[in-house]
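# Fold and contact review
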Amino acid sequence: MSQGTLFVSSSPRTLSARSIVEHFNLDVEIVDIKTTAHKDFEAKFPLHQCPSFLGPKGLRLTETPAILTYLIDLLSEKDQKILFGATPAEKIQVLRWHSVGNTNLPSIIASNYFMAAGLSPYNKKTFDANMEKLENYAKFFEERLKDYTYVATENVSVDDIQCICAWGFAFSSICGADFRKNHPYLTRWFNTVIASPIVAKTMADVKVVEEPLRYTPPKKEKKEKKEQHPKKKDAKKEEKPA
């Protein structure tokens, strides 16, 4: 019996759930709504957001944390402890870092990506403010990763998977080589996690950039000059007095 259908899109937020399904060979159909029309998605998920999950007996889930929790609960107890944490302290840290990777961090990255790519109106003040926030997030990760291999436990857990999706988006678009050089612990963690079997297939297309994506203003179209015709002289003004 099928374990359900996972609806995904090109959004990095969908990669974590997809990684769980593919790596653990769950009997879950993955449907990319951008390439495949599916009657159940539009009918049963009025918000049209991804990821969404349609499970047995009419179960409908939205929001990444809920979907990940459901999928990981389908795994063995051993795998659950690795992904969710084995102790109360680990579980709390996993929850904390997963939230970091699924809330403001990806939103900031997406906002600047859309502006830099010309997909939304560019506002330099907003863009620069976002880059400052992203710098603060990088320092936050650095503080943890200078002493630890992973962000919450001693294994690749679900929070690493969620966070790698966000940073993969950043490193492949708005954060170039200089940014990575300035954050060596974050970069080391990124290279370690992205090579792990659990995300290697899903993140295979992520290619880090040397130069960050920068906004290029559209070229202004030159207005055609109107032909100037000599003004006709007023006939009355041309008449000379007798």
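In case you missed it, the structure is sitting above this.
What counts and how
- Residues numbered from 1 in each chain as written.
- Predicted model: local features only at pLDDT ≥ 70, side-chain atom pairs only at ≥ 80, totals over all residues.
- Heavy atoms only, no water.
- Helix = DSSP H or I, 4+ residues; strand = E, 2+ residues; numbered from the N terminus.
- Rg over C-alpha atoms; globule rule 2.2 N^0.38 Å.
- Areas by Shrake-Rupley, 256 points an atom, 1.4 Å probe, with all protein chains shown as cover.
- Axes fitted to C-alpha atoms, helices over the stretch in contact; angles between N-to-C directions.
- Parallel < 35°, antiparallel > 145°, perpendicular 65-115°, else oblique.
- Contact = heavy atoms within 4.5 Å.
- Nonpolar A, V, L, I, M, F, W, Y, C, P; charged D, E, K, R; others polar.
- Expected span 1.5 Å × (residues − 1).
- Buried < 20%, exposed > 50% of the residue type's maximum accessible area, 1.4 Å probe, protein only.
- Pairing = 2+ DSSP bridges.
- Salt bridge = Lys/Arg side-chain N within 4 Å of Asp/Glu carboxyl O.
- Phe/Tyr/Trp six-rings, centres within 6.5 Å; stacked < 30°, edge-to-face > 60°.
- 1 Å grid on protein atoms, 1.4 Å probe; cavity = no way out; pocket = protein on both sides within 12 Å on 5 of 7 lines; lining within 4 Å.
- Points joined across faces, edges and corners; volume = space filled by probe spheres on them.

## Observations concerning the overall build of the chain
Of regular secondary structure, the chain possesses 12 helices and 4 strands. Computed over its C-alpha atoms, the radius of gyration of the chain comes to 26 Å, more than 25% above the 18 Å expected for a compact globule of 242 residues. On the principal axes, the C-alpha backbone points of the chain span a range of 115 × 45 × 25 Å. In the form shown here, the chain has an accessible surface area of approximately 15100 Å², with 52% of it arising from carbon and sulfur atoms.

## Digging into the packing of helix α3 (residues 64-72) against helix α4 (residues 77-84)
Orientation of α3 relative to α4, taken along the N-to-C sense of each, is 150°, at an axis distance of 10 Å. As far as their axial angle goes, α4 and α3 are roughly antiparallel. Along the contact surface, α3 presents L68, T69 and I72, while α4 presents Q80, L83 and F84. Split by residue class, the contact of α3 with α4 holds 4 nonpolar, 2 polar and no charged.

## Remarks on helix α6 (residues 104-116)
For α6, which comprises 13 residues, the first-to-last C-alpha distance of 18 Å matches the rise-based estimate of 18 Å (1.5 Å per residue) to within 8%. Within α6 the residues assigned to the buried category are L105, P106, I108, I109, A110, N112, M115 and A116. Elements in contact with the buried residues of α6: α5 (88-102), α7 (124-145) and α8 (158-171). Within two residues after α6, G118 carries a phi angle of roughly 75°, on the positive side.

## With respect to the side chain of N130
By the secondary structure assignment, N130 is in helix α7. Those residues within four positions of N130 in sequence are excluded, and the remaining contacts are I108, S111, N112 and M115.

## As for the pairing of strand β2 (residues 28-32)
Of the strand pairs in this sheet, strand β1 (residues 4-8) and β2 are connected by 5 bridges, and their pairing is parallel. Bridge pairing in β2 links F7 to V31.

## What about unusual backbone geometry?
In this chain, C50 is followed by P51 through a cis amide linkage whose omega measures 5°. Note that P51 resides in the loop between α2 (39-44) and β3 (52-54). In this structure, E63 takes a positive phi of about 75° despite not being glycine. Structurally, the position occupied by E63 is in the loop between β4 (60-62) and α3. We classify E63 as partly exposed; its relative accessible area is 44%.

## Focus: the pattern of salt bridges
Following the criterion strictly, the structure yields 6 salt bridges and no others. A salt bridge links K146 to E143, with the nearest nitrogen and oxygen atoms 3.5 Å apart.

## Points about the packing of aromatic side chains
Following the criterion strictly, the structure yields 17 aromatic pairs and no others. Geometrically, the ring pair formed by W97 and F141 is edge-to-face, given 5.0 Å between the ring centres and 70° between the ring planes. Of the two residues, W97 is situated in helix α5 and F141 in helix α7; the sequence distance between them amounts to 44 residues. Classification of F141 as buried rests on a relative accessible area of 0%. Ring geometry for F171 versus F179: centroids 6.3 Å apart, planes at 65°, classification edge-to-face.

## Side note on the sheet that holds β2
Here 4 strands make up an open sheet; going across it, the order is β2-β1-β3-β4 and the pairing mixed. At either margin of the open sheet sits one strand with a lone partner, and together these are β2 and β4. The average undirected angle you get between the axes of adjacent strands in this sheet is 20°. The strands that α3 touches are β1, β2, β3 and β4; relative to β4, the one it contacts most, it runs at about 130°.

## Quick word on the layout of surface pockets
By volume, the largest pocket amounts to about 390 Å³. Lining the largest pocket are 20 residues; nearest its centre among them are S10, L15, T202, D205 and V206. Mapped by element, the contributors of at least two residues to the lining of the largest pocket are α1 (15-23) and α8. Classifying every residue of the lining of the largest pocket gives 8 nonpolar, 8 polar and 4 charged.

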